[in-house]
Amino acid sequence: MIGLGLLLSVALAQEPPAAPAPREGRGDGASARHHVAQARQFVKNKWYDDAVVEIEAALAAPGGEDDFDAHWLGAQVYYELVRADRAVVLAERAALLAPNADAREQASSFATFLRATFGFVELRGPQAGMTSRLQLESTSVIFDADLKRLINKLALELREPTPLPMRLALPEGEYLLNGVKLVIRPDTTSTLDLQMKQLGARGLAALQVTRLEVGTGTTVLFGDRVANIRTGGAFELSLTQPVGPLLIGAVGTFDLRSYAAGGNTSATDLHAWSGGLRVGRELAMGGPLALRPSVGMRYGLVPGIGFACDEADGALACVPIGDAPAGDASPEVEIYAVGRAFTPFVELSLEYREAGRTTALGVGVKAVVEQHVGTVASPGDAVLFDAPDAPAASSLSYVAAPNTWTATGIRLLANVSFAF
């Protein structure tokens, strides 16, 4: 079967064996040859829908019913469109019209392959004339790479609004169609009645599955209180679970970034983590693309919140750096505390998942805009940096007033997900 798939791929790239010139009295044949030539050009460009139009025009033209080229090329084009029922009719007719033994054997073998490989299912909705997106997934092991390609191609097409009833041709095996088990046997036709709960957005929502997502990228903070915190790396791990039409996710983040701390000193604190929840909804954009807007809330730590401090009554009294009254002398020390923040955020994720499958690897990008509303511990302990520019590796107790801060953040991530 694999060898035959390779043979067909080569045959599509090449011109089929030429048929003899039409005999007098059978029609001039020019129109049929013209349409076949145009269909071949469309095949080279992989425009198979356009090629079908030309094939049918060739078959309807004078002499087309006896044109080997039109039937043989048509069988291959319909195969590419996963229309095995039409392909087998054209292949069998091509075998009868073949100009030589080699062409007859090739067409006959192709027809035999189609009948031994493909079966059919009549899909029906609860009412005539309904339209729905359909999700097809093979649950059998398919060894033939070309058949796997055709199944994936068909699955992508079915993700578009599809009119019911319709007839599908599929390679032999077991499938899930909108979550309903489907068994395909060669050269046989079965019927599948889909219920209302298995159609439309409701049906696809029921097929959503748990996803593990890993993202990496960059993050930046904006605001007077975080002006010393530099752009850094961002890492995210989340587990997303469908609940009805919604996708609810547990999210954990870790940021690797440094901050300026007194003069030319730089520091890095590995406590920049957060965790929280996210709620979103997936919107199919066509084919394998899906857009997921979400909102959420995280709680976490943001190191590097700076204060200028002076000793008073045996303790350090601190104000945010930049808030000291004009004309004051330089502070005795600068401290950089770890802030704690509630962080509401909005997220937009764009994902490509092969064939829209329930179990598949997906890749995408996401953008997050977040607002940190935080505090620092007061009284508390912080890393000490002696003013103006000499660092000291010690901690110091302090009292900060005010101890609140805010910042706006942006996160840009490349994302990999695995649905299971």
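The structure we're discussing is the one just above.
Numbering of residues begins from 1 in every chain and follows the order in which that chain's sequence is written. Where local features are concerned, this predicted model is filtered to residues with pLDDT of at least 70; where side-chain atom pairs are given and counted, the filter is 80 or more; whole-chain, interface and lining totals use all residues. To get the side-chain values, take all heavy atoms of the structure and skip hydrogens and water.

**Some remarks on the state of the cysteines**
Disulfide: a pair of cysteine sulfur atoms within 2.5 Å of each other. All chains considered together, the criterion is met by 1 disulfide. The disulfide that involves Cys309 links it to Cys318, with 2.0 Å between the sulfurs. One quick way to see it: the torsion about the S-S bond of Cys309 and Cys318 is about 110 degrees, and its sign makes the bridge right-handed. Partly exposed residues are those whose accessible area sits between 20% and 50% of the maximum for their type, while under 20% is buried and over 50% is exposed, using a 1.4 Å probe and protein chains only. Residue Cys309 is classed as buried on the basis of its relative accessible area, which comes to 0%.

**Structural notes on helix H5 (residues 84–97)**
Runs of E in the DSSP output that reach at least two residues are strands. Runs of H or I that reach at least four are helices, and both are numbered from the N terminus. Helix span is expected to be 1.5 Å times the residue number reduced by one. Over its 14 residues, H5 runs 20 Å from end to end, which matches the ideal 20 Å to within 8%, given 1.5 Å per residue. Buried within H5 we find Ala84, Ala87, Val88, Leu90, Ala91, Ala94, Ala95 and Leu97. By the convention used here, residues are in contact when the closest approach between their heavy atoms is within 4.5 Å. Close packing links the buried residues of H5 with helix H3 (48–60), helix H4 (68–80), helix H6 (101–117), strand S1 (118–124) and strand S5 (166–171).

**With respect to the packing of aromatic side chains**
Classification of ring pairs rests on two measures: the distance between centres of Phe, Tyr or Trp rings, Trp counted by its six-membered ring, which must be within 6.5 Å, and the angle between planes, read as stacked under 30 degrees, edge-to-face over 60 and tilted in between. Counted according to the given criterion, the structure contains 10 aromatic pairs. Plain terms: the ring middles of Tyr79 and Phe110 are 5.6 Å apart, the flat faces sit at 75 degrees to each other, and that makes the pair edge-to-face. Of this pair, Tyr79 sits in helix H4 while Phe110 sits in helix H6; the two residues are 31 residues apart in sequence, bridging distant segments of the chain. On the basis of relative accessibility, which here comes to 1%, the residue Phe110 falls in the buried class. One aromatic cluster is present, formed by Trp72, Tyr79, Phe110, Phe113 and Phe118 through successive ring pairs. Criterion for a charge above a ring: Arg CZ or Lys NZ at most 6 Å from the ring centre, at most 35 degrees from the ring normal. The positively charged end of Arg167 is found above the aromatic ring belonging to Phe120, 4.3 Å away from the centroid.

**A word on the pairing of strand S7 (residues 180–184)**
Only one face of S7 is buried: it carries Val180, Leu182 and Ile184, and the other face, with Lys181 and Val183, is open. Should DSSP find at least two bridges between two strands, the strands are taken to pair. Strand direction decides the pairing type here: strand S6 (residues 173–177) and S7, joined by 5 bridges, are antiparallel. Each bridged residue has a counterpart across the sheet, and for Leu177 the counterpart in S7 is Val180. If you look at the hairpin formed by S6 and S7, you'll find 2 residues sitting between the two strands, and Asn178 has a positive phi there, around 50 degrees.

**Some remarks on the environment of Gly300**
Among the structural elements, Gly300 can be located in strand S16 (residues 289–312). Classification of Gly300 by relative accessible area gives buried; the value is 5%. Sequence separation of Gly300 and Arg340 is 40 residues, and the distance between their C-alpha atoms is 5.8 Å. Those residues within four positions of Gly300 in sequence are excluded, and the remaining contacts are Trp273, Ser274, Gly339, Arg340 and Ala341.

**Here's the deal with the sheet that holds S6**
With antiparallel pairing, the 3 strands of this open sheet are ordered in space as S3-S6-S7. Edge positions in the open sheet fall to strand S3 (136–138) and S7, since each of these has one partner strand only. Averaged over all pairs of adjacent strands, the angle between strand axes in this sheet comes to 30 degrees, irrespective of strand direction. Summarising the sheet, S3 and S6 pair through 3 bridges and their orientation is antiparallel. Bridging across to S6, Glu137 finds its partner in Leu176. Angular values range over 0 to 180 degrees, each being the angle between N-to-C directions of two axes fitted as lines to C-alpha atoms, with helices fitted over their stretch in contact. Taken strand by strand, helix H7 (residues 145–158) contacts S3 and S6, and its axis lies near 160 degrees from that of S3.

**Remarks on the sheet that holds strand S8 (residues 189–193)**
Taken in spatial order, the 3 strands make up an open sheet running S5-S1-S8, and their pairing is mixed. Only two strands of the sheet have a single neighbouring strand rather than two, namely S5 and S8. Mean inter-strand twist for the sheet, computed between neighbouring axes without regard to direction, equals 30 degrees. Judged from the 5 bridges that link them, S1 and S8 form a sheet pairing that is parallel. Within the sheet, the bridge partner assigned to Arg124 lies in S8 and is Asp193. Relative to S5, H7 is tilted by about 155 degrees, and along the sheet it contacts S1 and S5.

**Points about empty space enclosed by the protein**
Cavity and pocket criteria rest on a 1 Å grid covering protein atoms alone: a 1.4 Å probe that fits but cannot get out defines a cavity, protein on both sides within 12 Å along at least 5 of 7 lines defines an open pocket, and an atom within 4 Å of a point defines a lining residue. Grid points are joined across faces, edges and corners, and a volume is the space filled by probe spheres set on the points. Going through the model one piece at a time under the given rule, you end up with 5 cavities of 30 Å³ or more. Here the largest cavity is characterised by a volume of approximately 100 Å³. Taken together, 17 residues line the largest cavity, and the ones lying closest to its centre are Ser274, Arg298, Leu301, Val302 and His372. For the lining of the largest cavity, the elements supplying multiple residues, two or more each, are strand S11 (246–256), strand S14 (273–280), S16, strand S18 (333–353) and strand S19 (361–375). The leading source of residues in the lining of the largest cavity is S16, at 5 residues.

**So, the side chain of Thr253**
Relative to the helices and strands, Thr253 is located in strand S11. Here a polar contact is recorded for every N or O atom pair within 3.5 Å, except that within protein the pair must consist of a potential hydrogen donor and a potential acceptor, and residues adjacent in sequence are included only if both atoms are side-chain atoms. Of the polar contacts made by the side chain of Thr253, one reaches the side chain of Ser274; its length is 2.4 Å. Those residues within four positions of Thr253 in sequence are excluded, and the remaining contacts are Phe235, Glu236, Ala272, Trp273, Ser274, Arg298 and Arg411.

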